[in-house]
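Fold and contact review
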There are 2 protein chains.
Amino acid sequence: MRNLKVIMAFKGTDYHGFQRQSGIKTVQQTVEEAVGSVLNEKVTIFGCSRTDKGVHANEYCFNLKTENQIRHRNFLRGINDRLPDDISLISCEDVPLDFHARYDTKAKEYIYLIHNSESKNPFTRDLALHYRRPMDIELMKKGAEHFLGTHDFLSFCSKNGEKENTVRTIYKFDIEKNDTAVKMTICGDGFLYNMIRIMVGTLLWINEGRLTPDDIPSIIEAKDRGSSGRTALAHGLYLNKVFY
Amino acid sequence: MRNLKVIMAFKGTDYHGFQRQSGIKTVQQTVEEAVGSVLNEKVTIFGCSRTDKGVHANEYCFNLKTENQIRHRNFLRGINDRLPDDISLISCEDVPLDFHARYDTKAKEYIYLIHNSESKNPFTRDLALHYRRPMDIELMKKGAEHFLGTHDFLSFCSKNGEKENTVRTIYKFDIEKNDTAVKMTICGDGFLYNMIRIMVGTLLWINEGRLTPDDIPSIIEAKDRGSSGRTALAHGLYLNKVFY
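Residues numbered from 1 in each chain as written. Chains lettered and ligands numbered in written order. Predicted model: local features only at pLDDT ≥ 70, side-chain atom pairs only at ≥ 80, totals over all residues. Heavy atoms only, no water.

1. Structural notes on the domain arrangement of chain A
How big an interface is tends to be stated in terms of accessible area lost as the parts join. All names here are of chain A. The domain architecture assigned to chain A consists of domain 1 (2-95) and domain 2 (107-243). The straight-line distance from the C-alpha centre of domain 1 to that of domain 2 is 27 Å. Facing 14 residues of domain 1, the contacting portion of domain 2 comprises 15 residues. For the pairing of domain 1 and domain 2, the buried interface totals around 1200 Å² over both sides, and the portion due to carbon and sulfur atoms is 53%. At the surface where domain 1 touches domain 2, the tally comes to 8 residue pairs in polar contact (both at pLDDT 80 or more). Counted by class, the side of domain 1 that touches domain 2 contains 5 nonpolar, 5 polar and 4 charged residues. (Domains from an automatic or database assignment. Contact = heavy atoms within 4.5 Å. Buried area = accessible area lost by both parts, 1.4 Å probe. Polar contact = N/O pair within 3.5 Å; in protein donor to acceptor, adjacent residues only side chain to side chain. Nonpolar A, V, L, I, M, F, W, Y, C, P; charged D, E, K, R; others polar.)

So, in structure tokens, the structure goes:
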């Protein structure tokens, strides 16, 4: 038996997220069909994370088990030939049999992209949030600093999220602006349902004067979704990297 | 009478180029309809250049004449609200009545984007050429150097191009690679039909060993389209900037 660890990129626009759901198009189902067709067996892939409809991935990781002795290069080529243009396998490697893409995750890095301009960007329609108002990046950075460290992020979890432990550690929350492109890079040991989109939406509220950076600690303390800002749209979000 | 100079970006994927043609969707027709609807009059826009089907623009320039006293901000907003997501007006200004976006052009800058990797990039399907073989950037730069200066570029003009003067001056032909993204920036006083795409295709032939960099001068001298390389696909090409 082999355990293959695979890295792939996908544009999530036309998928109802990663996880297989009956009757609708998901990344998992699409990839499992392509893999099954190349390996000539029924295959389950184990993804590192669920993703929302419309969310993208630069380096999503999954693993799968097979007896097939196919070479890495042929595996990648064969499957990429069968995958649609919006999903692409980047690399694969053999890993120990006990490796699991989801349970062995040490940290995940996400990127949130914003096109900040009065006028639309014809090239980033599904790839970045279009935000028209001027952005005070320094102000938003001050808000983002309060997310760093270990906190109970219940206020930043959508109500239909799981009711498990809601304590998470955020290692990095960078915001940079280059002309009209704003890029937020967020790294943490794990994220609750919609957590990044709510953190981004809360920073946008700070930009709009509806909250101040120093409101963040009390929002965290409140442990109440009603105290934080809006949920930023899914199409600006990218799972950028998974660390093991 | 006013003369408005307008800068716009468009993603050319779904258009048969800029120039109006009866019965098919073009950028010119789409913009003229939106402008006409906002100004409430029939308007002709004068573009800086024809473009091929699938070619994009970061800063395309056109001008139009109107008696309407609409303010710039309202002009941009009103038309952007009516334009589809793949066309966006960026700015406009009043210019002297004798300004013409095409005839007054001093130079144009184009960009050609290549995704250079074995695997597809799900985010650049219509936005960059996918080129799988390894690229020798230094070798291609040596070839590109021979394009600089004033030459008769008949060898780099598709046969259905106009039979006018085929002498052009190239000011810049830069090639840079950043991870899998290759960007060529070409600036000149003007370009023949398909000229940039044939220059790029010829550099790809150099990369593939079908030509050497030092073959370029004799290809130019030949004044024969049969001596140069293939025509690189349209969807990697962007009109980047127009100088007046």
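Resuming the write-up.
2. Re the side chain of Arg168(A)
Residues and elements named next belong to chain A. Structurally, arginine 168 can be placed in strand 8 (residues 167-178). We classify arginine 168 as buried; its relative accessible area is 12%. A distance of 2.9 Å separates a polar atom in the side chain of arginine 168 from the backbone oxygen of asparagine 165. Every residue in contact with arginine 168, bar those within four places of it in the chain, is listed here: Gly149, Thr150, His151, Phe153, Asp189, Gly190, Phe191, Leu192 and Met195. (Helix = DSSP H or I, 4+ residues; strand = E, 2+ residues; numbered from the N terminus. Buried < 20%, exposed > 50% of the residue type's maximum accessible area, 1.4 Å probe, protein only.)

3. Comments concerning the pattern of salt bridges
Taken as a whole and assessed by the stated rule, the structure comprises 24 salt bridges over all chains. Of the charged contacts in the structure, one is a salt bridge between Arg77(A) and Glu118(B), with a shortest N-O distance of 3.3 Å. In this pair, Arg77(A) sits in helix 2 (residues 72-82) while Glu118(B) sits in the loop between strand 5 (107-116) and strand 6 (129-131), so the two residues belong to two different chains. In this structure Arg77(A) comes out as partly exposed when scored by relative accessible area, which is 42%. Take Glu118(B): its relative accessible area is 36%, and that puts it in the partly exposed class. As a salt-bridge pair, Asp152(B) and Lys223(B) come within 3.9 Å of each other at their nearest N and O atoms. On the criterion of sequence distance, the pair formed by Asp152(B) in strand 7 (residues 149-152) and Lys223(B) in the loop between helix 5 (216-222) and strand 10 (237-243) is long-range, its members being 71 residues apart. Salt bridges sharing common partners tie together Arg73(A), Arg77(A) and Glu118(B). (Salt bridge = Lys/Arg side-chain N within 4 Å of Asp/Glu carboxyl O.)

4. Some remarks on the relation of the copies chain B and chain A
Superposition record for chain B on chain A: RMSD 0.0 Å, screw rotation 180 degrees, translation along axis 0.0 Å. Taken together, the turn and the small shift mark the pair as related by a two-fold rotation axis. (Least-squares fit on C-alpha atoms with pLDDT ≥ 70 in both.)

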